[in-house]
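Each chain, letter by letter, is given below.
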Amino acid sequence: MRPTETVAPSGATPRDPVSPGRDWAQDLAFDRAHLWHPYAPIGGSAPPWPVVAADGVRLVLADGRRLIDGMSSWWAAIHGYNHPALNRAARGQLRSMAHVMFGGLTHGPAIDLGRRLVDLTPAPLEKVFLCDSGSVAVEVAIKMALQYWQGRGRPAKRRLLALRGGYHGDTLGAMSVCDPVTGMHRSFAGVVPTQIFAPRPACRFDEPWEPAAISECARLITAHQDELAAVILEPIAQGAGGMWFYHPEYLRAVRALCDAHDVLLIADEIATGFGRTGRLFASDHAGVAPDILCLGKALTGGYMSLAATLATTEIADTITRGEAGCLMHGPTFMANPLACALAVASIDLLLSGDWQARVRGIEEQMRRELDACRGLPVVRDVRVLGAIGVVETRSPIDPEWLMARFVEAGVWLRPFGRLVYLMPPYVIRPRDLSILTGEIRAALSEA
Ligand SMILES: *Cc1c(COP(=O)(O)O)cnc(C)c1O
């Protein structure tokens, strides 16, 4: 029996609580025929579930079912959905302007956001580039690094070193620093630049530090220092490339190697930023400041697409003195006022609340409850850091079966490969979190 048949993604039912007149059967047929979804074939065997509303930690499906959200819509919706403070910020901004170009103009929301980002991030990061998505923030970071070394008169330094198991986005430059195997570099050979890859950091976050864990990375940085512009990594917690947590000492060692060999350090905190790992930024676990920092995802509390790339004054000044005279980037929707206003409201909401206690509470509860998965025959590893909980299985489990099983049980989780993972909104209540962890355990014990 195919599980997708037991829980058909809700078709035309009279119970759509938001748009009762909508013909979902026809709409889903259109979706199936015409719309691409992330990393999915058009018209594939796993049709998406139609969602009509979201509120707090609940997603409301077209057939009226309410699912507990364990994904925060890919790390973003840290305050939950339909939040009054964020709704108010959006409405307030709409009264003056939704968007204006940023070329030659500026506005309050961008300035207010810039102030907050300069204040919150480590002291040397003082220059802010506001763009429209995480991938673009990574492109901007890479271009900053290349233009910096041109400005320093060392144009040969134009390659990047990245870590296996990393993920940095889907545009061509960002792809070049994603894990070459899971990023399918083979399909883009000759177009995606060839970068240098160090092994995935072997030493876990909570194990005793093992100095051998840095040796291959150290060898590569030393050997390639004349052509390396920067090391790019996700500090402490690797996300979409494998949900792996590594030792803060590794990050400190990379920082020291970069300093010793004239290489910039780019921290991609697009997934980890704004508290997800238990610190405001994951680099804080190691007390390390990068030269360039990428933020995104939770920046607007999940309301709109917005990202930021921060750099040191030295980098910005060197770029300005270089041949181009400025950073060669400027997207149409740069610093979109509506998105900036939401980011300001989301940051203020986060900092005015007890996010640390909440994330700690989620962490402790996930440790306790996911621990029960360890004994299951299909489970290889369980790991938790901050508000990220991961259960790794020994072999991949049919994701279509798993997701249908989860939806049937009233929870929203999107496993990939051998990873079933949980990153709920920080506002989730213990009872709802218990349902999520319980359903993971129940599903994996049936698998
Ligand atoms: C999601 C993600 C990106 C890409 O962000 P998009 O907004 O999807 O372009 C880059 N780096 C990391 C670490 C991410 O998690």
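Residues numbered from 1 in each chain as written. Predicted model: local features only at pLDDT ≥ 70, side-chain atom pairs only at ≥ 80, totals over all residues. Heavy atoms only, no water.

Undergrad: How should the domain arrangement of the protein be read in this particular structure?
TA: When the parts of a complex come together, some accessible area is lost, and that lost area is often used as the size of the interface. Here the protein is partitioned into domain 1 (24-82 + 354-446) and domain 2 (87-352). On the domain 2 side, the residues contacting the 27 residues of domain 1 number 30 residues. For the pairing of domain 1 and domain 2, the buried interface totals around 2,500 Å² over both sides, and the portion due to carbon and sulfur atoms is 64%. The largest contributions to the domain 1 side of the interface with domain 2 come from Trp75, Trp355 and Leu385, which together make up 32% of the buried area. If you look at where domain 1 meets domain 2, you find one salt bridge. (Domains from an automatic or database assignment. Contact = heavy atoms within 4.5 Å. Buried area = accessible area lost by both parts, 1.4 Å probe. Salt bridge = Lys/Arg side-chain N within 4 Å of Asp/Glu carboxyl O.)

Undergrad: Can you walk me through the packing of helix H13 (residues 399-408) against helix H14 (residues 430-446) in this structure?
TA: Packed helices, taken two at a time, are described by their axes: the angle between them and the distance between them. Where H13 meets H14, the closest approach of the two axes is 10 Å, and the angle between their N-to-C directions is 135°. The angle between H13 and H14 falls in the class oblique. Judged by the twist between their axes, the crossing of H13 over H14 is right-handed. Counting all contacts with H13, which are made through Trp401, Leu402, Arg405 and Phe406, the residues of H14 involved are Glu439, Ile440, Ala442, Ala443 and Glu446. (Axes fitted to C-alpha atoms, helices over the stretch in contact; angles between N-to-C directions. Helix = DSSP H or I, 4+ residues; strand = E, 2+ residues; numbered from the N terminus. Parallel < 35°, antiparallel > 145°, perpendicular 65-115°, else oblique. Left-handed = near helix turned anticlockwise from the far one by under 90°.)

Undergrad: Any chance you could explain the confidence of the model for the protein here in plain terms?
TA: Note that predicted coordinates carrying low pLDDT should not be read in detail. Overall, the predicted model of the protein reaches an average pLDDT of 95, with 97% of residues at or above 70. When the criterion is pLDDT under 50, residues 1-12 qualifies, and its contacts beyond four places in sequence or with other chains add up to 28 contacts. (pLDDT = per-residue confidence, 0-100.)

Undergrad: Please clarify how the sheet that holds strand E15 (residues 411-412) should be interpreted in this entry.
TA: Pairing between the strands of a sheet comes from backbone hydrogen bonds, and it takes one of two forms, parallel or antiparallel. Strand order across the open sheet formed by four strands is E1-E2-E3-E15, with mixed pairing between neighbours. Sheet topology places strand E1 (51-55) and E15 at the edges, where each strand pairs with a single neighbour. Pairing of strand E3 (residues 66-69) with E15, which is carried by two bridges, proceeds in the parallel orientation. Bridge assignment links Ile68 to a residue of E15, and that residue is Val411. (Pairing = 2+ DSSP bridges.)

Undergrad: Where do I start with helix H11 (residues 337-352) in this structure?
TA: Helical geometry note: an α-helix holds 3.6 residues per turn, so side chains three or four residues apart project in the same direction. Here H11 contains 16 residues, and its C-alpha end-to-end distance of 22 Å stays within 8% of the 22 Å for a straight helix at 1.5 Å per residue. H11 sits mainly inside the fold: 12 of its 16 residues count as buried. Along H11, the positions that sit buried rather than exposed are Pro337, Leu338, Ala339, Cys340, Ala341, Leu342, Ala343, Val344, Ala345, Ser346, Ile347 and Leu350. Those residues of H11 that are buried lie in contact with helix H4 (84-96), helix H5 (108-120), strand E4 (125-131) and helix H12 (355-370). (Expected span 1.5 Å × (residues − 1). Buried < 20%, exposed > 50% of the residue type's maximum accessible area, 1.4 Å probe, protein only.)

Undergrad: Looking at this model, I keep getting lost on helix H6 (residues 134-151). Mind explaining?
TA: The end-to-end C-alpha separation of H6 is 25 Å, in line with the 26 Å expected for 18 residues at 1.5 Å each. The element H6 is largely enclosed, with a buried count of 14 among its 18 residues. Gly153 occupies a position one or two residues after H6 and carries a positive phi of about 75°.

Undergrad: Mind showing me how you'd approach the site of the ligand here?
TA: In the vicinity of the ligand, the contacting residues are Ser133, Gly134, Ser135, Tyr167, His168, Gly169, Glu234, Asp268, Ile270, Ala271 and Lys297. One of the backbone nitrogen or oxygen atoms of Gly134 is found 2.9 Å away from an oxygen atom of the ligand. Taking Asp268, its side chain carries an N or O atom lying 2.7 Å from a nitrogen atom of the ligand. Calculation on the ligand without its partners gives an accessible area of 380 Å², and the protein chains cover 83% of this total. For the shell around the ligand, the residue count by class is three nonpolar, five polar and three charged. (Near = heavy atom within 4 Å. Polar contact = N/O pair within 3.5 Å; in protein donor to acceptor, adjacent residues only side chain to side chain. Areas by Shrake-Rupley, 256 points an atom, 1.4 Å probe, with all protein chains shown as cover. Nonpolar A, V, L, I, M, F, W, Y, C, P; charged D, E, K, R; others polar.)

Undergrad: Please clarify how the state of the cysteines should be interpreted in this entry.
TA: Structurally, a disulfide amounts to a covalent bond that connects the sulfur atoms of two cysteines. Under the defined criterion, the tally for this structure stands at zero disulfides. Between Cys203, a cysteine without a disulfide, and Cys217, which holds the nearest cysteine sulfur, the sulfur-to-sulfur distance is 14 Å. For Cys203, a relative accessible area of 4% gives the class buried. In this structure Cys217 is not part of a disulfide, and its nearest cysteine sulfur, from Cys258, lies 7.7 Å away. Since its relative accessible area comes to 1%, Cys217 is described here as buried. (Disulfide = S-S within 2.5 Å.)

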